[in-house]
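Listed below are the residues making up each chain.
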Amino acid sequence: MSGGPIHEGLFYPNRWVRIILETTEDIVGEKGMNALLNLAGLSNYVGNYPPDDMKKEVSFADVGKLQDAYWQMYGDRGARAFAIRSGAKTFNDGLERFGKVAAAARAALKIASVDTRISKGLAFFAQFFNTVSDQKVQVTEDDQNWYWHIVDCPMCAGRTSDKPVCHLAVGVLQAAMANFVDKETRYVITQTQCQSMGHDECLFQIEKQ
């Protein structure tokens, strides 16, 4: 599944990748994590996770290799289930590390209707991504759906596929929606376009009903 867009010169913050690796290790254990990193060709991260800072130093290519290793190790269904779970843990763990940002977001969301809270929450979340990483996100909506557009996507960097593969983003969005509304409300989130399939962007549809 290699050969898709590389997005050269684009980077993720060290802290975000460290969170992904730590939450993955919580699920698969140290040996499982080491096996995953070796399979991804990222043995340089074995016992040597990126520092806990916001410097943009982890390439999109490395993020894509890690996501592809999930697919190789667990198959398509396993990779999807695993990445969604890991994405949710990444978002929730990230909230704790970005305390001031999380507090500001929660304060901003205590207004108006549920739809308004979600619209503002997604816009706030997208702006945060665009400010601290090279992953560029846009948010749009219509009467039926919200749309999360990833213009430069690290999750499918260097990958080609006949189906969407950015499962980590689905998990992150599921956790975000639970945070914007409540943990009991479930929204259907579907990736409808993927750069690994040759599309211009990775597009996620969040149903309003």
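**Q** I would appreciate a short explanation of empty space enclosed by the protein in the present structure.
**A** Think of a ball as big as a water molecule: rolled over the atoms, this probe shows where empty space is left. Throughout the structure, instances matching the rule amount to three cavities of 30 Å³ or more. Within this model, the second largest cavity holds a volume of roughly 60 Å³. Every residue along the wall of the second largest cavity is listed here: V17, I20, L21, L42, Y45, V58, D62, V63 and L66. If you list the elements that add at least two residues to the lining of the second largest cavity, you get α1 (14–40) and α2 (60–97). Residue composition of the lining of the second largest cavity, grouped by class: eight nonpolar, no polar and one charged.

**Q** Help me out: how do you make sense of the side chain of S119 in this one?
**A** By secondary structure assignment, the location of S119 is in helix α4 (residues 114–132). A polar contact is formed between the side chain of S119 and the side chain of E141, at a distance of 2.9 Å. Setting aside residues no more than four positions away along its own chain, S119 makes contact with E141 and W146.

**Q** Sorry if this is basic, but what is going on with the pattern of salt bridges here?
**A** Going through the model one piece at a time under the given rule, you end up with six salt bridges. Two residues, E22 and R18, come together in a salt bridge whose shortest N-O distance is 3.0 Å. Taken together, the positions of E22 and R18, both in helix α1 and four residues apart, correspond to about one turn of that helix. Of the residues examined, E22 reaches a relative accessible area of 22% and is grouped as partly exposed. We classify R18 as partly exposed; its relative accessible area is 22%. The partner of K208 in a salt bridge is E141, with the nearest N and O atoms 2.6 Å apart. One end of the pair, K208, is in the segment after β6 (202–207); the other, E141, is in strand β3 (residues 137–141), and 67 residues separate them in sequence. You can call K208 buried: its relative accessible area is 13%.

**Q** Explain the side chain of Q67 to me, please; I cannot follow it from the model alone.
**A** Looking at the secondary structure, you find Q67 in helix α2. Its relative accessible area of 4% is what places Q67 among the buried residues. Once you skip the residues sitting within four places of it in the chain, Q67 turns out to touch A83, M155, R159 and L168.

Reading the values: the criteria
- Residues numbered from 1 in each chain as written.
- Predicted model: local features only at pLDDT ≥ 70, side-chain atom pairs only at ≥ 80, totals over all residues.
- Heavy atoms only, no water.
- 1 Å grid on protein atoms, 1.4 Å probe; cavity = no way out; pocket = protein on both sides within 12 Å on 5 of 7 lines; lining within 4 Å.
- Points joined across faces, edges and corners; volume = space filled by probe spheres on them.
- Helix = DSSP H or I, 4+ residues; strand = E, 2+ residues; numbered from the N terminus.
- Nonpolar A, V, L, I, M, F, W, Y, C, P; charged D, E, K, R; others polar.
- Polar contact = N/O pair within 3.5 Å; in protein donor to acceptor, adjacent residues only side chain to side chain.
- Contact = heavy atoms within 4.5 Å.
- Salt bridge = Lys/Arg side-chain N within 4 Å of Asp/Glu carboxyl O.
- Buried < 20%, exposed > 50% of the residue type's maximum accessible area, 1.4 Å probe, protein only.

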